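Secondary and tertiary structure notes
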Amino acid sequence: MLFRSDRLRSHTWGLFGLTVVFMFVVMAVFAPALGPTTVDKNMRNSYTEEITYYDTQTETVETTLVGEANLGSQSTGTNSRVMPFTYDDFGRYHPFGTLPNGRDLFTFIAAGSRISLIIGVLSVALSASLAGSLALTAAYYKGRVDLGLVLVSDAVMAMPQLLLLIMLTTVLADTWVGELYSGAFVLALIFAGTGWTYMWRAVRGPALQISERQWVDAARSFGQKPTVIMRRHMLPYITGYLLIYGSMTLGGAIIAIAGLSFLGLGVSPPTPEWGRAINLGQDYVTTGSWHISLIPGLLITLVVTGFNALGDGIRDAIDPQSDAEGGAAGRGGGA
Amino acid sequence: MSDAEPLLAVENLRTVFRTEREEIHAVDGVSFEIDAGETVGLVGESGSGKSVTARSILGLVDHPGSIDEGAIRFRGEDLTDDNWDDHRGDIAIVFQDPGSALNPVYTVGNQIREALKIHQNLRGREARERAIDLLEDVGIPDAATRVGEYPHQLSGGMQQRAVIAMALACDPDLLVCDEPTTALDVTIQAQILDLLADLQREDDLAILFITHDMGVIEDATDRVNVIYAGEVVERAPTEALFENPQHPYTQALLRSIPGRTPPDEPLPTIEGEVPTPTGPATDCRFAPRCPEAFGACREVHPEHEPVGDGTVERTAACLLHDDRYPDETGLDGSGSDGIEGARSDGGASR
């Protein structure tokens, strides 16, 4: 279980993942600075913010509200559209074109990446710590404790995650938890609450193996506390697995969040979210405004592939056997 | 054995592993005592229940195993009443494979300090200095440097010394050595045995020495318990046992020590392997492999009977020594040349 950075360095697929994830994180962190405009200016307060532009017909510099300008730069089909890498009639540059309501798609996506990343990281961190501590507990105490946790995780797995998500987002919509960060926090909680089981299953095996090692017995024999033994003598050996599964689960979480907002659930408008951009554009897919759904769709695919590739890369850097013979079949991490 | 209370008394210990398919009586009614400052050996083949006995004494038996019966009295207090935590550090263990008894992600000093913190409440520089002292005590040269090194930077012998230092950090009264020299080569083995003897002399440490190596037993122990398939079959002072083994199993074990056979003769072996005890004993478990077995051996479970000439306290669990069962083959009858041989050359060979 030694992490070898030199193995990651020569792992093209893993490097691809690292690059994509790095770019995604940069996009999320610097979202307000990256876009040609900001969410506040372009979306939330579009009827209080003003812009000035050069009107080619009257040949004068005019001032108008952003909201009015948005109405003039809608992408709603073949005849009325602002495509990627073009300027609209108000001299505003749109790297990814505009949404059907005339708002800037790039700004929308940059801001949306932030919320995807926050929900993703939060839910994965929560489920990884839950899965990790429960796996250590099960492995250390074995027997009934282990059996009990198997039952609990099976029960949680048996619940339909999507229905649970829909129900809880509706029920909690008006409570204070539901309103934290446009509902993102409660989403992360639900993802963690339902998603830890898969990770727990995956790390339970390695944790059981580690619990058989003699240094665990040695620590027990001189009276070390169980929690300290788990943390000091067992945790270091399963963090690698948690990293791999965490990275792969993160991709899944991003898809799930996008899927929910595509269905009109999850992160509440007007907070931008990638899935909602796809939803907004789906009526125009067959028209000239095809970019609205296509661009966020491609980006989701790219980012999720990136996270999975990074997971593969980490796994191969930790476990050389998975790459040498097994190829894509993989061992060690097992995913 | 003195009349005073022994340091550790294992009484009729029964450790059973229950799986869905079967019940394995890994330790089946083992009893022995250890007095302060003495070394008691527990010798037997692989799978005879030696290590499970050690783990039972330390309360390290994991699911699906459990101690079903018996008592482990440490200074008179029964540990099986879940009293292990009160005596953590009084009994320390040295495992067979030093490479796996040390956690590779922490330095040697770090692991010794962990025990020091718990048992001597030492922290920081004090703990570090004490760890260096301990490493010096176990004969590690340049201890001040070694204390900051990782287990993989030490040789096998050094690692075992470090493990012993870790055990000593608890300031134990009893050291359970579970095959401490098996993973080491012969010269290192001798050094470790010398070290244990020195430590015992200095600290009046009692040692339970578990091994399959009769040579080590002869060198290192005061009294021996021979264990077979979860049961003690013979107990005797070491010297008496080697001079005149009474149980056929002990005789066979001693015959199969390489040095005792003349160079041109093939080394005698014990045919077959240790059976896995899956139920309470109803017969002699050694009977299928025993050259002296007679009819009753397969029907009666032998009890410990005093053996020998009465000058030393020793017992063996064998029907050959039980007056109620007339020995049909006889101790000196035909087909028992092994016993005669062992008797006559037992004392002379060393």
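Look up: the structure comes first, before these words.
Scope of this entry: the structure provided in the associated data block. (Residues numbered from 1 in each chain as written. Chains lettered and ligands numbered in written order. Predicted model: local features only at pLDDT ≥ 70, side-chain atom pairs only at ≥ 80, totals over all residues. Heavy atoms only, no water.)

What follows is about the pattern of salt bridges. Overall, the coordinates contain 28 salt bridges over all chains when judged by the stated rule. A salt bridge links R18(B) to D68(B); the shortest N-O distance between them is 2.7 Å. One end of the pair, R18(B), is in strand 1 (residues 8–18); the other, D68(B), is in strand 4 (residues 65–74), with 50 residues separating them in the sequence. Residue class for R18(B) comes out partly exposed when judged on its relative accessible area of 37%. In this structure, R75(B) and D173(B) form a salt bridge, with 2.4 Å as the shortest nitrogen-oxygen distance. Linking R75(B) in the loop between strand 4 and strand 5 (77–78) with D173(B) in the loop between helix 6 (156–168) and strand 7 (174–178), this pair joins segments that are 98 residues apart in sequence. Of the residues examined, R75(B) reaches a relative accessible area of 46% and is grouped as partly exposed. Shared partners join several salt bridges into a network, and the residues in it are K142(A), E212(A), D217(A), R220(A), R55(B) and D62(B). (Salt bridge = Lys/Arg side-chain N within 4 Å of Asp/Glu carboxyl O. Helix = DSSP H or I, 4+ residues; strand = E, 2+ residues; numbered from the N terminus. Buried < 20%, exposed > 50% of the residue type's maximum accessible area, 1.4 Å probe, protein only.)

Bringing the packing of helix 6 (residues 105–141) of chain A against helix 14 (residues 291–318) of chain A into the picture now. Residue and element names in this part refer to chain A. The geometry of helix 6 relative to helix 14 is characterised by a closest axis approach of 12 Å and an angle of 35° between their N-to-C directions. The handedness of the crossing between helix 6 and helix 14 is right-handed. Residues L105, I109 and L117 of helix 6 touch helix 14, and the partners they reach there are H291, I292, I295, P296, L299 and F307. Here the contact of helix 6 with helix 14 is built from residues that sort into eight nonpolar, one polar and no charged. (Axes fitted to C-alpha atoms, helices over the stretch in contact; angles between N-to-C directions. Left-handed = near helix turned anticlockwise from the far one by under 90°. Contact = heavy atoms within 4.5 Å. Nonpolar A, V, L, I, M, F, W, Y, C, P; charged D, E, K, R; others polar.)

What follows is about unusual backbone geometry. All names here are of chain B. A positive phi is found at D204, a non-glycine position, where the angle reads about 55°. The phi torsion at A229 lies on the positive side, around 45°, for a residue other than glycine. Examined against the element boundaries, A229 turns out to sit in the loop between strand 9 (223–228) and strand 10 (231–237).

So, about a negative patch on the surface. All names here are of chain B. A contiguous patch of negative charge, built from D133, E136, D137, D171, E202, D203 and D204, is present on the exposed surface. The set of elements that each furnish at least two residues to the negative patch consists of helix 4 (124–137) and helix 7 (186–203). Here the negative patch takes three residues from helix 4, the largest share from any one element. Along the chain, D203 turns up in helix 7. Overall, the relative accessible area of 45% leaves D203 in the partly exposed class. (Patch = residues over 30% accessible without salt bridge, like charges linked within 9 Å, V, L, I, M, F, W, Y side chains within 5 Å. Areas by Shrake-Rupley, 256 points an atom, 1.4 Å probe, with all protein chains shown as cover. Lys, Arg positive; Asp, Glu negative; His and termini not counted. Charge placed at Lys NZ, Arg CZ, Asp CG, Glu CD.)

Residues and elements named next belong to chain B. Pairing is mixed in the open sheet, where eight strands are placed in the order 6-7-8-3-9-10-12-11. Of all the strands in the sheet, the pair left with one neighbour each is strand 6 (91–94) and strand 11 (304–306). Direction aside, neighbouring strands of the sheet carry axes that sit 20° apart on average. Summarising the sheet, strand 3 (residues 39–43) and strand 8 (residues 206–211) pair through five bridges and their orientation is parallel. (Pairing = 2+ DSSP bridges.)

Contacts between the two partners involve 28 residues from chain B and, on the opposite side, 16 residues from chain A. Taken together, both faces of the contact between chain B and chain A bury some 1,900 Å²; the carbon and sulfur share is 53%. Between the two partners, chain B and chain A, sit four salt bridges. Note that K142(A) and D62(B) form a salt bridge whose closest N and O atoms lie 3.7 Å from each other. Viewed at the interface, chain A and chain B are joined by 13 residue pairs in polar contact (both at pLDDT 80 or more). (Buried area = accessible area lost by both parts, 1.4 Å probe. Polar contact = N/O pair within 3.5 Å; in protein donor to acceptor, adjacent residues only side chain to side chain.)

Attention shifts here to the environment of G70(B). Residues and elements named next belong to chain B. Among the secondary structure elements, G70 is positioned in strand 4. Owing to a relative accessible area of 34%, G70 belongs among the partly exposed residues under this scheme. Through-space distance from the C-alpha of G70 to that of G29 is 7.4 Å; in sequence the pair is 41 residues apart. Residues contacting G70, with those up to four places away along its chain left out, are E11, N12, L13 and T80.

Let us now look at the sheet that holds strand 2 (residues 23–34) of chain B. Residue and element names in this part refer to chain B. Judged by pairing direction, the sheet is antiparallel, and its four strands sit side by side in the order 2-1-4-5 without closing on themselves. The open sheet has two edge strands, strand 2 and strand 5, and neither has a second partner. Where helix 1 (residues 50–58) meets the sheet, its contacts fall on strand 1, strand 2 and strand 4, and the angle it forms with strand 1 comes to roughly 110°.

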